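# Reading the structure
Okay, here's what each chain looks like letter by letter:
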Amino acid sequence: MTVINPNRSVQPKTTPATSAPAPGVAAQKSLLNPLDLGKAILDGIKDIPKNLEMGKDVFEATTMRELGRIFGGDAKPDRMADGALLGARGQQYPAGTPLGQIPGVTPKNNPNPGKTILYTNGIMTPAEGQLREMQSIADRSGAKVVGVHNATQGLVADLAQCVTDKLDKGKNPAVDSLADTVYSELKAGREVHLMGYSQGGLITARALNDVQQRLRLEDGMSQGQAEQLMSKLSVETFGAASTRYPNGPQYVHYINDADAVPTLTGLGGSVDPLAFLKDAGRGAVVHRFTDGNANLISNHMLDTMYMKHRVPFEQARQNQF
């Protein structure tokens with residue numbers, strides 16, 4: 001057993017410390033060493049091909065991503081939702097589902113609005129983009145918004161589909177879905193409020209023609225009877241690409257004279273030498289305004305351009321803008 005003398009002070013053991021160089025001295029010596037400097041230069045030269053290859057990979061990846069958007073290379077997930085009815089949080093419902101059974105997008109300050117709007121989007125808009133537009137419409141209108149999704153397959157395919165829609169040729173799931181839903185609501189005795197933006201306005205016009213034909217062929221209605229039933233439809237279009245709409249519904253068309261889409265492919269601007277070839281629908285209110293700049297895309301935007309010019313539907317029908 002070891003006995004410790006309590007009167008003896010115990011000193012901690014110490015090890016000799018080595019003096020560290022002042023900060024930066026070692027680095028300075030290394031940089032000043034000709035051999036180290038030469039090695040650094042050679043390493044940098046050797047890294048040039050690797051850096052160039054990395055830059056090439058980034059450029060190719062970015063370019064291919066943009067080409068994919070143009071030609072629809074990344075559109076498969078969105079195509080799966082083509083023609084679906086979109087509710088809150090992007091939940092999908094089949095065409096013909098009663099609108100009252102779909103929990104739509106609601107205004108931020110009112111979770112229980114009394115009105116419902118059925119909205120069809122334009123080109124190059126995936127489902128998440130349409131949901132953002134639906135929120136903008138809900139906040140501006142104070143209504144619940146349910147979407148008819150017009151899926152994107154890339155710029156080229158979307159523009160080609162616009163051409164076939166104008167010719168009323170080919171199958172467009174959004175047209176069929178909108179027509180089925182409107183027909184079901186009308187047959188159930190319910191009024192419907194529609195909105196269509198850009199190609200969505202073209203889809204709306206085509207779907208309304210299909211509904212009118214269906215009322216006449218399947219239900220045996222006369223032209224007048226079909227138009228009378230369709231007078232329960234309130235229709236708003238924004239920057240739409242359609243030149244003709246069937247009689248019957250109550251229409252309000254918004255056209256920005258600085259927007260090339262409606263002025264060149266739709267009902268035309270304030271000065272339009274081809275106006276005699278176009279039909280906004282009997283009794284339609286066409287509100288033309290001029291807003292924007294040299295940026296043709298911003299002049300055509302729904303949420304940041306057209307929505308700020310929209311007024312309540314009943315007010316618009318009285319030409320009070």
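Scroll up to find the structure.
Residues numbered from 1 in each chain as written. Predicted model: local features only at pLDDT ≥ 70, side-chain atom pairs only at ≥ 80, totals over all residues. Heavy atoms only, no water.

### Focus on the packing of helix 5 (residues 155-166) against helix 7 (residues 199-217)
Running from N to C, helix 5 and helix 7 cross one another at 30°; their axes reach a closest spacing of 10 Å. Classified by the angle between their axes, helix 5 and helix 7 sit roughly parallel to one another. Where helix 5 crosses over helix 7, the handedness of that crossing is left-handed. For the pair helix 5 and helix 7, contact is made by Asp158, Gln161, Cys162, Thr164, Asp165 and Lys166 and by Gln199, Leu202, Ile203 and Arg206, respectively. Residues belonging to the contact of helix 5 with helix 7 are distributed by class as follows: 3 nonpolar, 3 polar and 4 charged. (Axes fitted to C-alpha atoms, helices over the stretch in contact; angles between N-to-C directions. Helix = DSSP H or I, 4+ residues; strand = E, 2+ residues; numbered from the N terminus. Parallel < 35°, antiparallel > 145°, perpendicular 65-115°, else oblique. Left-handed = near helix turned anticlockwise from the far one by under 90°. Contact = heavy atoms within 4.5 Å. Nonpolar A, V, L, I, M, F, W, Y, C, P; charged D, E, K, R; others polar.)

### Regarding the packing of helix 6 (residues 173-187) against helix 7
At a minimum axis separation of 8 Å, helix 6 and helix 7 run at an interaxial angle of 50°. Of the possible angle classes, the one that applies to helix 6 and helix 7 is oblique. Between helix 6 and helix 7 lies a crossing whose hand is right-handed. Here helix 6 contributes Ala174, Val175, Leu178, Ala179, Asp180, Val182, Tyr183, Leu186 and Lys187 to the contact with helix 7, which in turn contributes Ile203, Thr204, Arg206, Ala207, Asp210, Val211, Arg214 and Leu215.

### With respect to the pattern of salt bridges
Pairing is possible between side chains that carry opposite charge, provided their charged atoms lie close to one another. Across all of its chains, the model carries 14 salt bridges by this definition. Note that Asp139 and Lys108 form a salt bridge whose closest N and O atoms lie 4.0 Å from each other. Here the residue Asp139 occupies a position in helix 4 (residues 127-141), and Lys108 occupies one in the loop between strand 2 (92-93) and strand 3 (116-120), the gap between them amounting to 31 residues. Residue Asp139 is classed as partly exposed on the basis of its relative accessible area, which comes to 36%. Measuring nitrogen to oxygen at the nearest pair gives 2.9 Å for the salt bridge that ties Glu236 to Arg310. Of this pair, Glu236 sits in strand 6 (residues 233-238) while Arg310 sits in the loop between helix 11 (302-306) and helix 12 (313-317), and the two are 74 residues apart along the sequence. The class for Glu236 is buried, based on a relative accessible area of 0%. Sharing partners across several salt bridges, the network here consists of Asp165, Asp168 and Arg206. (Salt bridge = Lys/Arg side-chain N within 4 Å of Asp/Glu carboxyl O. Buried < 20%, exposed > 50% of the residue type's maximum accessible area, 1.4 Å probe, protein only.)

Interpretation in functional terms is not warranted from these geometric data alone.
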